[in-house]
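Each chain, letter by letter, is given below.
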Amino acid sequence: MTDIQSYDVVVVGGGPAGSTVGGLLARSGHRVLILEREKFPRYHIGESLVTGMTPLMEELGLVEELDRRFQHKSGISLRWGKDPQPWRSDFSSTGSVYSHAWHVTRSELDELMLDNARTLGATVLEEAHVTEVLVADSGAVTGLVYTHAGERYQVDSRYVVDASGQSRVVARRTTETQWQDDLRNVAIWGYYDTFTPIEHGDDILCEAIEGGGWMWAIPLSKDKLSMGLVLPAEQLTELLREGLSQRDIYLRGLAASNIAKTMVNAADTQAELSTARDWSHLSDTFHGPGWVAVGDAAAFVDPLFSSGVWLGSSGAWLAARALNVALADPAHAAHALQRFDGVYRQLFKDILTYVRFFMDPNRLREEYMERAQEVTQMYTTSSRVGFIALISGIGAVADLVDFDPMGMEGLVEVMTERTEQAKARMEAEAAAATV
Ligand SMILES: Cc1cc2nc3c(=O)[nH]c(=O)nc-3n(C[C@H](O)[C@H](O)[C@H](O)COP(=O)(O)OP(=O)(O)OC[C@H]3O[C@@H](n4cnc5c(N)ncnc54)[C@H](O)[C@@H]3O)c2cc1C
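Numbers given to residues run from 1 along each chain, matching the order in which its sequence is written. Given that the model is predicted, a residue must reach a pLDDT of at least 70 before its local features are reported, and side-chain atom pairs must reach 80 or more before they are shown or counted; all residues, however, enter totals for whole chains, interfaces and linings. Excluded from the side-chain calculation are hydrogens and water; included are all heavy atoms of the structure.

Chemist: Mind showing me how you'd approach the nonpolar core here?
Modeler: Proteins that are soluble and globular tend to have nonpolar side chains buried together. Here, nonpolar core refers to any group of buried Ala, Val, Leu, Ile, Met, Phe, Trp, Tyr and Cys residues whose side-chain atoms link them within 4.5 Å. Exposure classes here rest on a 1.4 Å probe applied to the protein chains alone. A residue is buried below 20% of its type maximum, exposed above 50%, and partly exposed in between. By size, the foremost hydrophobic cluster in this structure holds 114 residues, and its most contacted members are L144, V294, F340, Y354 and F358. Here a residue-residue contact requires only that any non-hydrogen atoms of the pair lie within 4.5 Å. Those residues in contact with L144, other than ones at most four positions away along the chain, are V10, V12, L35, V130, E132, V133, L134, Y153, Q154, V155, V160 and V170. Grouped together as the second largest cluster of nonpolar side chains are 24 residues, I188, I209, L225 and L231 included.

Chemist: Help me out: how do you make sense of the side chain of S257 in this one?
Modeler: Note on placement: S257 falls in the loop between α7 (246-256) and α8 (260-263). Residue classification places S257 among the buried residues on the basis of a relative accessible area of 1%. Polar contact criterion, stated in full: a pair of N or O atoms within 3.5 Å, where within protein one must be able to donate a hydrogen and the other to accept it, and residues adjacent in sequence count only if both atoms are side-chain atoms. In this structure the side chain of S257 is engaged in a polar contact, spanning 3.0 Å, whose partner is the backbone nitrogen of K261. Secondary structure elements are defined from DSSP: runs of H or I of at least 4 residues count as helices, runs of E of at least 2 residues count as strands, and each element is numbered from the N terminus.

Chemist: I'm lost on the domain arrangement of the protein chain in this one. Help?
Modeler: How big an interface is tends to be stated in terms of the accessible area lost upon association of its parts. Looking at the protein chain, the domain boundaries give domain 1 (5-70 + 104-178 + 281-359) and domain 2 (182-279). One C-alpha centre belongs to domain 1, the other to domain 2, and the line joining them spans 29 Å. Of the residues lining the interface, 17 residues belong to domain 1; the matching set on domain 2 comes to 16 residues. What gets called buried area is simply the loss in accessible area from a 1.4 Å probe that two parts show on being joined, summed for both. Carbon and sulfur atoms supply 57% of the area buried between domain 1 and domain 2, which totals about 1,300 Å² over both sides. Should a side-chain nitrogen of Lys or Arg be within 4 Å of a carboxyl oxygen of Asp or Glu, the pair is scored as a salt bridge. Our count for the domain 1 to domain 2 interface comes out at 1 salt bridge. Summed over the shared surface of domain 1 and domain 2, the number is 6 residue pairs in polar contact (both at pLDDT 80 or more). Here the element with the most residues in the side of domain 1 that touches domain 2 is helix α10 (residues 333-358); it accounts for 3 residues. In terms of residue class, the side of domain 1 that touches domain 2 is built from 9 nonpolar, 5 polar and 3 charged. Note: domain ranges come from an automatic or database domain assignment. Only Asp, Glu, Lys and Arg are considered charged in this grouping, and only Ala, Val, Leu, Ile, Met, Phe, Trp, Tyr, Cys and Pro are considered nonpolar; every other residue, Gly among them, is considered polar.

Chemist: Can you help me understand the pairing of strand β10 (residues 151-162) in this one?
Modeler: Within a regular strand, the side chains alternate between the two sheet faces. Summarising the sheet, strand β1 (residues 5-12) and β10 pair through 7 bridges and their orientation is parallel. Bridging across to β10, Y7 finds its partner in S157. When DSSP locates at least two bridges between a pair of strands, those strands are taken to pair. Across 6 bridges, strand β9 (residues 141-148) lies against β10 in antiparallel orientation. Bridge pairing links H148 to E151 in β10. Adjacent in sequence and paired antiparallel, β9 and β10 are bridged by 2 residues, among which A149 carries a positive phi angle near 50 degrees. Note that β10 and strand β17 (residues 291-293) share 3 bridges and pair parallel. Looking at β17, one finds that V160 is bridged to W291.

Chemist: Whenever I open this one, unusual backbone geometry confuses me. Can you help?
Modeler: Both trends apply: most residues other than glycine have a negative phi, and most peptide bonds are in trans. Omega for the bond connecting F40 with P41 falls within 30 degrees of zero, at 0 degrees, which places this linkage in the cis form. As for its placement among the helices and strands, P41 is situated in the loop between β2 (32-36) and α2 (54-59). Positive phi is not limited to glycine here, since R168 has a value of about 50 degrees. Residue placement: R168 occurs in the loop between β10 and α5 (171-174).

Chemist: Explain the pairing of β1 to me, please; I cannot follow it from the model alone.
Modeler: Of all 8 residues in β1, 6 are buried, a share of seventy percent or more. As paired strands, β1 and β2 are joined by 4 bridges and run parallel to one another. Across the sheet, the residue bridging to V11 is I34, located in β2. For crossovers, right-handed means that the path from the first strand over the helix to the second runs clockwise, given strands pointing away from the viewer. For the handedness criterion, the β-α-β arrangement of β1, helix α1 (residues 16-27) and β2 is classed as right-handed.

Chemist: Explain the site of the ligand here, please?
Modeler: Whether a residue is near a molecule or strand depends on its heavy atoms: it is near if one of them lies within 4 Å of it. In the vicinity of the ligand there are 35 residues, among which E36, H44, S48, D296 and V309 approach most closely. Contact between the ligand and P16: an oxygen atom at 3.3 Å from a main-chain N or O atom of the residue. The contact in question runs from an oxygen atom of the ligand to an N or O atom on the backbone of I45, over 3.0 Å. Only the protein chains shown count as cover for residues, and all accessible areas are computed by the Shrake-Rupley method using a 1.4 Å probe. Protein contact buries 96% of the 1,000 Å² of open area that the ligand shows by itself. Elements represented by at least two residues in the shell around the ligand include exactly α1, β2, β8 (128-135) and α9 (308-328). For the shell around the ligand, the element with the most residues is β8, which contributes 3 residues. There are two domains that each give the shell around the ligand at least three residues, and those are domain 1 (5-70 + 104-178 + 281-359) and domain 2 (182-279).

Chemist: Honestly, the pattern of salt bridges in this entry has me stumped. Any pointers?
Modeler: Side-chain pairs of opposite charge can arise whenever the charged atoms involved come near each other. For the coordinates displayed, the defined rule picks out 16 salt bridges. Across the pair R118 and D115 runs a salt bridge whose closest N-O atoms are separated by 2.8 Å. Pair noted here: R118 and D115 are both in helix α4 (residues 106-119), with a separation of 3 residues, about one helical turn. Residue classification places R118 among the partly exposed residues on the basis of a relative accessible area of 32%. Taken together, the shared-partner salt bridges in this structure form one network comprising E65, R68, R69 and E108.

Chemist: Whenever I open this one, the sheet that holds strand β14 (residues 224-232) confuses me. Can you help?
Modeler: For sheets, the rule is that strands pair by backbone hydrogen bonds, running either parallel or antiparallel. Ordered in space as β5-β4-β12-β13-β14-β11-β15-β18, the 8 strands form an open sheet in which the pairing is mixed. At either margin of the open sheet sits one strand with a lone partner, and together these are β5 (87-90) and β18 (299-300). Sheet topology places strand β12 (residues 204-208) next to strand β13 (residues 214-221); 4 bridges connect them, and they run antiparallel. By the bridge assignment for β13, L205 is matched with A217. To get an axis, fit a line to the C-alpha atoms, keeping to the stretch in contact for a helix; angles then go from 0 to 180 degrees between the N-to-C directions. Along the sheet, helix α6 (residues 233-241) contacts β11 (177-192) and β14; its crossing angle with β14, the most-contacted strand, is approximately 90 degrees.

Given below as structure tokens:
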């Protein structure tokens, strides 16, 4: 082990959540180290974005680059529920200025965001694998141990941010998480070089499959389509036990679809498909003494509405503002981090509750829309608008953009405390003057 390094904040993971929180804190003048296990660009699933994350992309100065590099996405096309007809929802119908999102190659997006964190002033170390979380007797997280190029290093920091995705490097040590058993799914997916676009060619397609599960189709470009099948884990285990391969199971799903199967030639399906666990969970807390968790490390919601990158980077944006307060004035750390936790938790809960409702395929389109409008009633009185406002994240933009880690309640506390301090100082000065 070499000399101990010291930073204000160390971030585990350089995905969208880690690069956002690290970059924004560095821009505010804090000394930030981001430790990333892989060498970027690296492959990642999670390729379709929503408009709710555009304000953050503006804040990070990345919108033009996203427009230049990636396929625009106008909305979502669905074949879902009791209505036999496909239906769609367009981002532009929210009335927001953010009328398109993007379908992205994640290796490129994540590299762009990590490079941007460097530009904003963070120190980024790739191929740095965090192996230990340092916890003081008091229970506070005080730093990390990582390996890099065969050497072992210790780094101490005022805060450690867990942005390690599903690895949950810090959170698995510091908090329990609630695994959502009814959303315990598995995804199997592959790519096609040739495909027939659906009517609204730049939408994501989400299609429920008779017999269970659903399929996505994401047009990454004119000659690359990402297509995947999501199934309850139990169902997959049963089919594997019956002797089917993962590819057989995927092809069965494709054959049972109505729209997805018309987009591709099943014979073009790759011999080796990718697979990942897709199990929703919610940590009991997103922060504790010396640590904060953001992105999949904090919570994960089924990818049905393509909300993962939006939720992860939005939480990171909230965390950066709360940590900014906590670093500047430790007396207000607890309050600021509690507010971050509360606002962030509500984002997850709204999507999680709605995904659960939507997973029931026996409802009518209008029922899905009305339920969404109940969640977004502060934003709209229209169920049609409420649906897209909820699943695009647009309904929550004001909460994110205007987030104030101190809040009104906090401001009153700060002012009272400062007044008390000023009074005490004046009394002390007056007492000293009379001596
Ligand atoms: C099947 C499936 C489909 C999905 N589809 C979508 C979609 O269409 N749209 C969408 O928005 N989201 C989607 N998601 C979700 C999305 O992939 C995640 O929510 C998102 O990547 C979370 O970002 P993150 O920064 O929290 O974590 P990640 O992007 O996973 O980044 C974490 C980083 O931490 C690093 N790391 C891990 N352990 C260590 C360690 N010990 N030391 C150092 N570094 C470490 C990893 O290498 C990684 O780079 C999907 C997820 C699944 C499973």
